[in-house]
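This is what each chain is made of:
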Amino acid sequence: MLKDPRIHKFRKMLAEAPNYEVWKAAALELDFLEGNAEWKEDFASEFYNYELLYDRLSSIKQYRQQNDFERLKRALREGLHHDLGNMGNSALYTHSRVGTKHLIEEYIAQVCEALDFLCDHPVPGFPVADKLQFFRDTLTSYGRPTLLLSGGASLGMFHFGVIKALWDKGLLPQVVTGSSIGAIIAGMLGVHTDAEIPEMLVPENHNLKAWKWRGLLSAMRGQGLMDQDQLRTCLRTNIGEYTFEEAYLRTGRSINMSVSPVQAHQKARLLSGYTSPYLMVWSGALASAAVPGIFPPVTLMKKDIHGQALPYMPRLKFVDGSVVSDLPIERLMHLYDVNFTIVSQTNPHVVPFLNARGLDEKLSLASLPWHLMKSEIQFHGQGV
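Please read all numbers here as calculations on a predicted model, not as lab measurements. (Residues numbered from 1 in each chain as written. Predicted model: local features only at pLDDT ≥ 70, side-chain atom pairs only at ≥ 80, totals over all residues. Heavy atoms only, no water.)

**Student:** Any details on the overall build of the chain? Residues and values, ideally.
**Tutor:** When helices and strands are tallied, the chain shows 17 helices and eight strands. Counting only contacts in the chain whose residues sit at least 6 apart along the sequence, the fraction spanning at least 24 positions is 72%. For the chain, the computed accessible surface area is about 20100 Å², with 56% contributed by carbon and sulfur atoms. (Helix = DSSP H or I, 4+ residues; strand = E, 2+ residues; numbered from the N terminus. Contact = heavy atoms within 4.5 Å. Areas by Shrake-Rupley, 256 points an atom, 1.4 Å probe, with all protein chains shown as cover.)

**Student:** For the pattern of salt bridges, give the residues involved together with the corresponding values.
**Tutor:** All told, the structure shown has 16 salt bridges when counted by the stated rule. Measuring nitrogen to oxygen at the nearest pair gives 2.7 Å for the salt bridge that ties Asp-4 to Arg-6. Residues Glu-16 and Lys-12 are paired through a salt bridge, measuring 3.1 Å at the closest nitrogen-oxygen approach. Its relative accessible area of 52% is what places Glu-16 among the exposed residues. Here Lys-12 falls in the partly exposed class, since its relative accessible area comes to 45%. (Salt bridge = Lys/Arg side-chain N within 4 Å of Asp/Glu carboxyl O. Buried < 20%, exposed > 50% of the residue type's maximum accessible area, 1.4 Å probe, protein only.)

**Student:** Please provide a residue-by-residue account of the environment of His-121, values included.
**Tutor:** Relative to the helices and strands, His-121 is located in the loop between α6 (102-120) and α7 (128-142). Non-local contacts of His-121, meaning those with residues more than four positions away in its chain, are made with Asp-116 and Lys-131.

**Student:** Please provide a residue-by-residue account of the packing of aromatic side chains, values included.
**Tutor:** Taken as a whole and judged by the stated rule, the model has nine aromatic pairs. Taken together, a centroid distance of 5.1 Å and an interplanar angle of 40° make the contact between Tyr-142 and Phe-340 tilted. Placement of Tyr-142 in helix α7 and of Phe-340 in strand β8 (residues 338-344) is noted, with a sequence separation of 198 residues between them. You can call Tyr-142 buried: its relative accessible area is 5%. Aromatic rings pair up to connect Phe-43, Tyr-48, Tyr-50 and Tyr-54 into one cluster. Cation over ring: Lys-73 sits above Phe-126, and NZ or CZ is 4.0 Å from the ring centre. Here Lys-101 stacks its cationic end above the ring of Trp-39, 4.1 Å away from the centre of that ring. (Phe/Tyr/Trp six-rings, centres within 6.5 Å; stacked < 30°, edge-to-face > 60°. Lys NZ or Arg CZ within 6 Å of the ring centre and 35° of its normal.)

The structure is reproduced here in structure tokens:
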């Protein structure tokens, strides 16, 4: 049997797609030609509890049609928790090229519409204070996503592409964490407001002169192969003089950076607005990027009560955060109730250690229904 020539055409289009829209159009055509569209329409599957989702979906639709807001709120609060009915199972997101079972997609869409309605419209017996508490409780139950930016030297510039893709789709998490070059980019992102992000994503708008060679003799003296003053100037130009607390107040983004201690009897630290509110963001990025042998260890800097810069714990020095804790997921879970992770991994040395099980876990995390977070973000963004 001859293969449909359209399959070759759309596979070629898929491989050469210049943007996501073109890729998605080709992928949808391939799903139809390869028989995946029928699989998506049949909501029965051994990989998730489709009866549970069907019942939940029917209830939400009924309460919306009847304007039964009390039961609608209860249904949302009961159903919004991590991986309802196992609908985040990676097997559900590797069968077709685009999307998954239509039942799951419709359930997510209905939940989002219901949340948007409760957020944006006056509801009898549901004042603003109660709305805020409802969304706070829902967020605590459901959890939030985080974007993790690994180390990887100049390869870390690929992080900008990940940020742009998420930003363009309205899915950039509020919590962003980085190590080494990932910390630098997290710092830049964390001090730019939403209105400034499009300009931030243009490389020509930044000081890119971060590297200046010092030589082997400098490295042998413990001063590193590269000039740290050059990197410091670059970071202060691109990030400014904000503290972690000031950055959060300016943008609403929670940025986090991993740093590793040089001294014994010290544990790796996650710098953030919670743990180090008065620490200067550029200082944390400088320490997280201090790759041993390339840059010397760093004394962190903070602002005092008068806004003057001075050393933070001057007896301690810190280096590249990826040495000990490249992706500090467990710590983020405790600080921010993180349940979902998007990892931009540009460290090439981790590839040999990826196994099938680890890949399955990453697929599962990557395929979770992020759209459920959008209503909560929009609600708080309105300043209600």
